[in-house]
Amino acid sequence: MTLPHGPMRAKAGGPPQTAPLPDPSAVDPAVLATLLARHGWVRRGGPTARYGRWTPPEGTDPGVSLLVPAGDGFDDAVDLLTDAVTALSRSASPSARAILLALAVPGDELQWHRDLAAPPAAVPGAAPWDDTERLRRAARAMLAAGAKAGRTRAAYFGARLDAWAGDFLDRVLVVAAGPGLTAYTPAPEGRAAVTTLVRALEALRDAVDYRRVSGGGEAFENAVQSGVSRELVESVQDLVRGATAGRFTVAWSAAAGTPGGFGDRRIAVEFSPGDLPALDEAAELLERIEPAVAVTVVGLVVRLKRADPAGPGSVRLRVLGGAEVDEVKIRLADPAYRLAAEAHLAGTPVRISGRLERRGGFRRLTRPTGPEPCGLEDVERERLLKTLGEGRGG
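Residues numbered from 1 in each chain as written. Predicted model: local features only at pLDDT ≥ 70, side-chain atom pairs only at ≥ 80, totals over all residues. Heavy atoms only, no water.

As for the environment of A310
We apply this condition: Helix and strand labels come from DSSP, where a helix needs a run of H or I of at least four residues and a strand needs a run of E of at least two; each type is numbered from the N terminus.
Tracing the backbone shows A310 in the loop between β11 (293-305) and β12 (313-321). Measuring from C-alpha to C-alpha, the distance between A310 and Y337 comes to 9.6 Å, with 27 residues separating the pair along the chain.

Below, the structure is given as structure tokens:
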């Protein structure tokens, strides 16, 4: 799709949608100038001039220049910004598209790229979209891991906080723009996930280097406090497998500015196939060290199954509160199973305690105590506490 009709974008993992060009009256000249400089455009004119004339990187689009006002308080500011946006939409410079995307879809710009030894179509049995799908899957998993770690730290999350990560992914726009994959995350409101992701990837890079040099894996366990998790490790493995290298870069939103603690340093983290043995070890270690969690959940019985009418059976509970998972499976002895069946028929919520086990992704409750029916006021209380907890975690 051509730029005058808008760049292609999609929610993370969703179908592409069309984004309009930025409204020139809403463009901040300082943001546009920052983006132009970031992409190598050269400003002509003195630092105190009311206008700056910008030209693209040498050789990319000769003869093109943009006149950008120093601020939006001049009478002709909107007219000049309109001309600048139009010129960018028609420019042959590769950076012009990226600048327009950053203006039209404000947020932090995250990019993933896989270096391939040969084009996907040249690999026997491979199709061009296979690599694109792998890249999209790795990026989505990485963003979800960052969102979860931005809420709380864990070596292995499993199904915990899936809803939280899903809400964040729904606010991420994935842009089909040239090689690699670009996503825009909301800024500053989505910064906790992104800054945590950056620190976690840098900590994982350091831990892998330490493992390859020293032979010790303790750095992976220490990196959990920086946001490293099994899910993050798996996303990096997916990014690297089948490629000669996988890279992740971040350009902070020009409108929101650089978050505290990052300064002006370039954010770029790279992994290679040589890191895979250490990453495999890290994934196994991080799942193994995450403990089971003692919980008391309130939920609705949505499924029951047993082979013997008088024996034990399995119950699936839709969790309303008490644990950060959507559903859990529980194996109950006959008396407890019958109580769960009665609650299911009556549509009554139940309360049950046990240990949320990491095996199966924290979807199974073992050593159960209960269930006991509970009133709707208890359910509302659980929902309120869950809402308050999510507010604190944001």
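Section: the pairing of strand β6 (residues 108-115)
To keep it simple, the criterion reads: Should DSSP find at least two bridges between two strands, the strands are taken to pair.
Here β6 pairs with strand β8 (residues 181-185) via 5 bridges, running antiparallel. Considered in β8, the bridge of D108 is made with T185. In terms of strand pairing, β6 meets strand β9 (residues 245-251) through 7 bridges, oriented antiparallel. Residue pairing across strands places H113 opposite R247, the latter belonging to β9.

Topic: the pattern of salt bridges
Put simply, the rule reads: Any Lys or Arg side-chain nitrogen located within 4 Å of an Asp or Glu carboxyl oxygen qualifies as a salt bridge. Throughout, exposure labels follow a simple rule: accessible area from a 1.4 Å probe, protein chains only, divided by the maximum for the residue type, with under 20% read as buried, over 50% as exposed, and the rest as partly exposed.
For the structure on display, the rule yields 21 salt bridges. Between D209 and R205 there is a salt bridge, and its shortest N-O distance comes to 2.6 Å. Taken as a pair, D209 and R205 lie in helix α6 (residues 191-214) at a separation of 4 residues, close to a single helical turn. A residue is classified by how much of its surface remains accessible, and D209, at 34% relative accessible area, is partly exposed. By relative accessible area, which is 16% here, R205 ends up buried. When salt bridges that share partners are traced, they join R205, D209, R212 and D275 into one network.

Quick look at the environment of Y210
Rules: Any pair of residues with heavy atoms lying within 4.5 Å of one another is described as a contacting pair. Throughout this description, a polar contact denotes any pair of N or O atoms lying within 3.5 Å of each other; where both atoms belong to protein, one of them has to be capable of donating a hydrogen while the other can accept it, and for residues adjacent in sequence the pair is counted only when both atoms sit in side chains.
Among the secondary structure elements, Y210 is positioned in helix α6. Each C-alpha atom, one on Y210 and one on F220, is 9.2 Å from the other, the two residues being 10 residues apart in sequence. When near neighbours in sequence (up to four residues on either side) are disregarded, Y210 contacts G215, G216, E218 and A219. Polar contacts involving the side chain of Y210 include one to the side chain of E218, which spans 3.0 Å.

Considering the confidence of the model for the protein
Our working rule: Across the chain, each position has a pLDDT score giving the predictor's confidence in that residue, from 0 to 100.
Considering every residue of the protein, the mean pLDDT works out to 85; 85% of them sit at 70 or more. In the model, residues 1-10 has pLDDT below 50 throughout and makes 41 contacts with residues more than four positions away in sequence or in other chains. Predicted confidence for residues 13-19 stays below pLDDT 50, and this span has 20 contacts to residues more than four positions away or in other chains.

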